[in-house]
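Structural characterization, general
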Amino acid sequence: MPAVTVEDVLVLPRVAKPDAATTRERAVRSVSAAPSGFEGEGFPVYRSFAGVGLADLDPFIHMDQMGEVEYAPGEPKGTPWHPHRGFETVTYIIDGIFDHQDSNGGGGRITNGDTQWMTAGQGILHIERPPDFLVASGGLFHGIQLWVNLPSANKWNPPRYQDLRGSEAALLSSPDGGALIRVIAGDLAGHSGPGSTFTPITFLHATVSPGAEVVLPWRADFNALAYVLSGRGTVGAEQRPVTAHELVVFGPGDSLRFAADANQESRSPNLEVLVLGGRPIREPVVHYGPFVMNTQDEIVQAVEDFQAGRLGRIPADSMPHRHPGDTDLDN
């Protein structure tokens, strides 16, 4: 699981452990297992937020862990052109390569540790697919797609695209060097990630060495979630056990605790965890397919606007959509 790593974690800025006398550690409210499924043209995913109420997720809507899967030649899959309106998609690639293009002129290639941040706003069309050479060769693919809601005041903003390189993430260490923390968006202890958001959030990826523990400061006005990508460990002061593909919802407070078990499986040598939270929007949410709005009437309008071509048009120089089984690949 490469993402972004460093040879010596101890050279990084360190996140001081919050003072237990002046902070309130968040307790664990729930731990839920993500069911597996398929997305796009059939790539495997874990539905990270399944079964968790929107009130606990707000301002987030949806998250998929894509893979981790080792594709044989010809197997890598993507999505066809499709619309979005009313929210932001955050695609974080841990292993593998994905190409993106949208009807607003945005796009590019993201690979290990990179993030594609697309604000759909009033509406956009886009496509995501592995490059032809990766389809031909096969290989490892692993990533995350997170949907961040937009406040009603920003749902009609023009679309925009942010291409965030893994090298731009703020890299931090726990006090003893037992954890590498990547800040992709938001702020942790005064260190900011490169992602620019309409809704105030923090989005981290932490790699915790076996036997190490991390206590992070966390904004009291944010909710707090942790999703285990791989490995085993515990969360909260109560040391609630967690393992791969489980989502933790924390209660109120201003610090978070998680730790890696001393013994890990050889294929997952560390505890890999995404930590995310944001200031709840607390507005009505109506979610239908690729549209996230505030009312049913706005959903109906989104469908009609898409059908009428008002959410954008596929550009003339569009990225070709490969159907599974196509063999005319350029090496």
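This text follows the structure it describes.
Scope of this entry: the structure provided in the associated data block. In this text, all values refer to a predicted model and were calculated from it rather than measured experimentally. (Residues numbered from 1 in each chain as written. Predicted model: local features only at pLDDT ≥ 70, side-chain atom pairs only at ≥ 80, totals over all residues. Heavy atoms only, no water.)

1. Some thoughts on unusual backbone geometry
For the bond from Asp 58 to Pro 59, the omega torsion is 20°, close enough to zero to count as cis. The topology assignment puts Pro 59 in the loop between helix H1 (54-57) and strand E4 (60-71). In this structure, Ala 189 takes a positive phi of about 50° despite not being glycine. Along the chain, Ala 189 falls in the loop between strand E15 (187-188) and strand E16 (191-192). Residues other than glycine seldom take positive phi values, yet His 245 does so here, at roughly 70°. Following the sequence through the fold, His 245 ends up in the loop between strand E21 (240-243) and strand E22 (246-250). (Helix = DSSP H or I, 4+ residues; strand = E, 2+ residues; numbered from the N terminus.)

2. Re the sheet that holds strand E2 (residues 36-39)
Ordered in space as E2-E3-E4-E11-E6-E9-E12, the seven strands form an open sheet in which the pairing is antiparallel. Each having just a single partner strand, E2 and strand E12 (160-164) make up the two edges of the open sheet. Within the sheet, the average angular offset between the axes of one strand and its neighbour, ignoring direction, is 25°. Across five bridges, the pairing between strand E9 (residues 115-119) and E12 is antiparallel. Bridge assignment links Gln 116 to a residue of E12, and that residue is Asp 163. (Pairing = 2+ DSSP bridges. Axes fitted to C-alpha atoms, helices over the stretch in contact; angles between N-to-C directions.)

3. Quick word on helix H3 (residues 296-307)
Quick reminder: α-helices carry 3.6 residues per turn. Residues three or four places apart thus point the same way. Between the first and last C-alpha of H3 there are 17 Å, a value that for 12 residues agrees with the 16 Å anticipated at 1.5 Å per step. Among all positions in H3, only Glu 298, Ile 299, Ala 302 and Asp 305 are buried. Axial view of H3: buried residues confined to an arc of 125°, hence all on one face. Seen from the buried face of H3, the exposed residues on the opposite side, beyond 90 degrees, are Asp 297 and Gln 307. Buried residues along H3 sit against strand E25 (286-288) and strand E26 (291-293). Within two residues after H3, Gly 309 carries a phi angle of roughly 80°, on the positive side. (Expected span 1.5 Å × (residues − 1). Buried < 20%, exposed > 50% of the residue type's maximum accessible area, 1.4 Å probe, protein only. Arc of directions from axis to C-beta. Contact = heavy atoms within 4.5 Å.)

4. Looking at the packing of aromatic side chains
For the structure shown, the criterion picks out three aromatic pairs. Summarising the aromatic geometry, the rings of Phe 98 and Phe 141 are spaced 5.0 Å apart at their centres and angled 40° between planes, so their arrangement reads as tilted. Taken together, the residues span a long stretch of sequence, with Phe 98 in strand E7 (residues 98-102) and Phe 141 in strand E11 (residues 139-149) at a distance of 43 residues. The pair formed by Phe 98 and Phe 141 is uniform in burial state, with each residue classed as buried. (Phe/Tyr/Trp six-rings, centres within 6.5 Å; stacked < 30°, edge-to-face > 60°.)

5. So, the nonpolar core
Grouped together as the largest cluster of nonpolar side chains are 29 residues, with contacts concentrated most on Ile 181, Leu 188, Leu 204, Val 208, Leu 216, Phe 250 and Phe 258. Of all elements in the fold, only strand E13 (170-173), strand E14 (179-185), strand E17 (201-208), strand E18 (213-217), strand E19 (225-230), E22, strand E23 (255-260) and strand E24 (271-278) reach the threshold of two or more residues within this core. Discounting residues that sit within four places of it in the chain, Leu 216 has contacts with Val 15, Pro 18, Ile 181, Leu 188, Leu 204, Asp 254, Ser 255, Leu 256 and Phe 258. Core analysis: the second largest hydrophobic core is formed by 26 residues, Ile 94, Val 148, Ala 185 and Leu 247 among them. (Core = buried A, V, L, I, M, F, W, Y, C linked by side-chain atoms within 4.5 Å.)

6. A word on the pattern of salt bridges
Tallying each qualifying case throughout the model produces 14 salt bridges. Note that Arg 257 and Glu 213 form a salt bridge whose closest N and O atoms lie 2.8 Å from each other. Separated by 44 residues along the polypeptide, Arg 257 in strand E23 and Glu 213 in strand E18 bring together distant segments of the chain. Assessed through its relative accessible area of 18%, Arg 257 is described here as buried. (Salt bridge = Lys/Arg side-chain N within 4 Å of Asp/Glu carboxyl O.)

7. Focus: the sheet that holds E24
Read from one edge to the other, the open sheet built from seven strands follows the order E1-E22-E19-E24-E17-E14-E13, with strand pairing classed as antiparallel. Edge positions in the sheet fall to strand E1 (28-33) and E13, since each of these pairs with one other strand and no more. Neighbour-to-neighbour, the strand axes of this sheet turn through a mean angle of 20°, independent of strand direction. The sheet contact formed by E17 and E24 spans eight bridges and is antiparallel. Bridge pairing in E24 places Thr 202 opposite Gly 277.

Geometric values such as these leave the question of function open.
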